[in-house]
Amino acid sequence: MSRRREQAARPACGLAHAAGIAAVGALLCGAGGGDPPSWLSADLGGANLTVGVATENAFGQPSSQLATAEIRTFTFGNRVFNTNWVIAPGSVGGFDGLGPVFNRVSCSGCHTRDGRGQPPRSPEDPLDSMLVRLSGAGTGAHGGVVPVPHYGDQLNERAIPGVPAEGHTVVSFAESARRYPDGTPYSLAVPHYEFRDLAFGRWPADVRFSPRVAPSVFGLGLLETVPEHVVLETADPDDADGDGVSGRPNRVWDAESGRTVLGRFGWKANQPSLRQQNAAAALGDIGLTSSLYPEQNVAAGQDAAARAPSGAAAGEPELADEYLDRLTFYVRVLAVPAARNLDDPAARAGARLFDQVQCAACHRPTLKTEDQPTVPLLAWQTIHPFTDLLLHDMGDELADRRSDFEASGREWRTAPLWGIGLTATVNRHTRFLHDGRARSIEEAILWHGGEADRSREAFMDLARDERAALLAFLQSL
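The following refers to the structure shown. (Residues numbered from 1 in each chain as written. Predicted model: local features only at pLDDT ≥ 70, side-chain atom pairs only at ≥ 80, totals over all residues. Heavy atoms only, no water.)

## Describing helix H9 (residues 345–356)
Definition in use: Per the convention used, a helix needs a DSSP run of H or I reaching at least four residues, while a strand needs a run of E reaching at least two, with both numbered from the N terminus. By this rule the span expected of a helix is its residue count minus one, scaled by 1.5 Å. Between buried and exposed lies partly exposed: a residue is buried under 20% and exposed over 50% of the maximum accessible area for its type, with that area taken using a 1.4 Å probe on protein chains only.
Taking 1.5 Å as the rise per residue, H9 with 12 residues should run 16 Å; its terminal C-alpha atoms sit 16 Å apart, in good agreement. Among the 12 residues of H9, nine are classified as buried, and the element is accordingly described as predominantly covered. All of the buried residues in H9 are Ala346, Ala347, Ala349, Gly350, Ala351, Arg352, Leu353, Phe354 and Asp355. Within two residues after H9, glutamine 358 carries a phi angle of roughly 70°, on the positive side.

## As for the pattern of salt bridges
Cut-off, in case you're wondering: Just to be clear on terms, a salt bridge is a Lys or Arg side-chain nitrogen sitting within 4 Å of an Asp or Glu carboxyl oxygen.
Inspection of every chain in the model, using the stated rule, returns 24 salt bridges. Residue arginine 332 pairs with glutamate 224 through a salt bridge whose shortest N-O separation is 2.7 Å. Taken as a pair, arginine 332 in helix H8 (residues 321–332) and glutamate 224 in helix H4 (residues 220–225) lie far apart in primary sequence, 108 residues in all. One network of salt bridges, in which partners are shared, links Glu256, Arg275, Asp321 and Asp325.

## Overview of the side chain of serine 273
The line we're drawing: Between two residues, a contact is recorded if the distance between any of their heavy atoms is within 4.5 Å.
Its place among the elements puts serine 273 in the loop between strand E9 (259–262) and helix H6 (274–286). Taking the relative accessible area as the measure of exposure, serine 273 reaches 12% and is therefore buried. If sequence neighbours within four positions are ignored, serine 273 has contacts with Glu224 and Phe265.

## Some details on the packing of H6 against H8
We count it as follows: All axes here are fitted lines through C-alpha atoms, helices being fitted over the stretch that makes contact, and every angle between N-to-C directions spans 0 to 180 degrees. Just so you know how the angles are binned, under 35 degrees is roughly parallel, over 145 roughly antiparallel, 65 to 115 roughly perpendicular, and the rest oblique. Crossing handedness is defined as follows: a turn of the near helix away from the far one that is anticlockwise and smaller than a right angle gives a left-handed crossing, while the clockwise case is right-handed. Here the term charged refers only to Asp, Glu, Lys and Arg, the term nonpolar to Ala, Val, Leu, Ile, Met, Phe, Trp, Tyr, Cys and Pro, and the term polar to all other amino acids, Gly among them.
Interhelical geometry of H6 versus H8 gives an angle of 120° and a closest axis separation of 9 Å. In terms of orientation, H6 lies oblique with respect to H8. By crossing handedness, the relation of H6 to H8 is classed as right-handed. Here Leu274, Arg275, Asn278 and Ala279 of H6 lie close against H8, whose contacting residues are Asp321, Leu324, Asp325, Leu327, Thr328, Val331 and Arg332. Residues that form the contact of H6 with H8 fall into these classes: five nonpolar, two polar and four charged.

Below is the structure:
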């Protein structure tokens, strides 16, 4: 029996629909109730990287097990993450070289308090913690995307003086009224995107675009340390077990090793490592060169941008290796906030429902890390990120038509769920999914399609109190 089949075979929750949440506790271990999922425990989180902080700073904590020297490295990395870069030449040594085109002036400009971004609150507002990926049709170098003439692979909506910004995005939403099978109404916000003030004229007709909000950055060192064979344990690209869930890895280009490897990070798992993810974001989002990406973020035909001064000596990167390495260490050891309220009867019943409707088929509760010689506290840990790090077809409504290495325009990497219940506390919003269209965890579930059709329909078929219990469990993470 496959791992997913085994999950589906577990006893269903015995909630009495009319009894309400107050009756849940009596049914947890009673006749027909079944046992809680085997992974449900008091230590859900990131093992050595778990912290019991539930304030607005919950996503920005280091592991309590860092040595004194590691704390100094973490603190320096935190400075790199939060410092605003300036135009070259600047008076702040080591922190000049912004642009010439860019989206934000710091990492924290998108990842506020190390957390999640959101769409603009109104069509008049700029993209502050969100950006738009671009690509042409076909396949580019090493199997990656094809840059768009004059615009590259990302719309940079800001620029230094004397250089034109590439354009700006207007985001609006239309309500789509729908109903649960029991008649309960709900509405989903359908996004619409318009691109204005394009500096180099209209894009070719074959351009694909994909809006992306900034994801949270804690716990990533643990995900980097999960070995490939563990990730591939539940991969089923041809759906051999017939459960409707495939799951397949993305294979991406590793600039440091010069070969194709497993992708782990990004909404489509298009980055292989945190060091490369950080270097790519520094280039695309802030306009900083590095040893991994030594060429300026200037697309062919952007003459004014090409003449802009660099923030480093000829041949040297603007983001020095020392800074990149400390930034990467910082992100590697950002701790995971501990789950909360797991003794609440509703949350415990919701965990069983999470299994019953097969959310756990993709949002894999438990992974294990192996050796990590650079940061030993990440090694040999049992963690609960609720992701399989695999790509899944999420259906037409969430499709962006933009492939990225082996990820199709309908596929997305399973997003980790740890810490999701603290989003409102840390980031003061509850916008979810790759483009932030979902205004709540419930809406995020209701947007699921493709391989998640059965799970979404099973969630919708639950009684109202059962849906509330499942959401209570997710809020506890």
